[in-house]
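# Summary of structural features
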Amino acid sequence: MSLIQTLMAVALLVSLLTPPAFSEQWVLNKTSTGGSCTVQTVTSRPQVGGLISGPFENRKDACRDAASKYDSSSSDQGMCWTYGNRTVTGCAKDGVTLPPN
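The rules we used
Residues numbered from 1 in each chain as written. Predicted model: local features only at pLDDT ≥ 70, side-chain atom pairs only at ≥ 80, totals over all residues. Heavy atoms only, no water. Buried < 20%, exposed > 50% of the residue type's maximum accessible area, 1.4 Å probe, protein only. Helix = DSSP H or I, 4+ residues; strand = E, 2+ residues; numbered from the N terminus. Arc of directions from axis to C-beta. Contact = heavy atoms within 4.5 Å. Disulfide = S-S within 2.5 Å.

### Details of helix 3 (residues 85-93)
Buried residues of helix 3: T87, G90 and C91, and no others. Buried positions in helix 3, seen along its axis, are confined to an arc of 95° and lie on one side of it. Along helix 3, exposed side chains directed more than 90 degrees from the buried face belong to N85 and K93. Buried residues in helix 3 make contact with strand 2 (36-41), helix 2 (59-68) and strand 4 (82-83). Among the residues trailing helix 3, G95 stands out with phi positive, at a value near 80°.

So, in structure tokens, the structure goes:
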């Protein structure tokens, strides 16, 4: 086997044995004092508020869930009355408008 064939075989073997990239999971958190919701990765620090729902496999799903939990009347403690600026911007990148129309 030539050197090039050996190197190609080693590269193929390494690519087959390398686990797939870690997929970050996302959660929806809510502050208890202001009713503001935040979509974050599970590894984000600090976690803003307490967990409402998740984890989700991607940010878009977490954003959709955040939109479904919107309550402008502020009457339901389990709902989101407003959203953090970074959450609004990040969700918009995934095509989810917060707060929903």
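### Notes on the state of the cysteines
Under the defined criterion, the tally for this structure stands at 2 disulfides. Across the disulfide, C37 is cross-linked to C80 (sulfur-sulfur distance 2.0 Å). For the disulfide bridge between C37 and C80, the dihedral angle about the S-S bond is near -90°, and by the sign convention the bridge is left-handed. Of this pair, C37 sits in strand 2 while C80 sits in the loop between helix 2 and strand 4, and the two are 43 residues apart along the sequence. Taking relative accessible area as the criterion, C80 reaches 0% and is therefore assigned buried. Covalent S-S linkage joins C63 and C91, the inter-sulfur distance amounting to 1.9 Å. As the torsion about the S-S bond is roughly -80°, the C63-C91 disulfide counts as left-handed. In this pair, C63 is assigned in helix 2 and C91 in helix 3, connecting sequence segments 28 residues apart. The two residues C63 and C91 agree in class, both being buried. Each bonded cysteine of the chain gets a number by its place in the sequence, and the pairs then read 1-3, 2-4.

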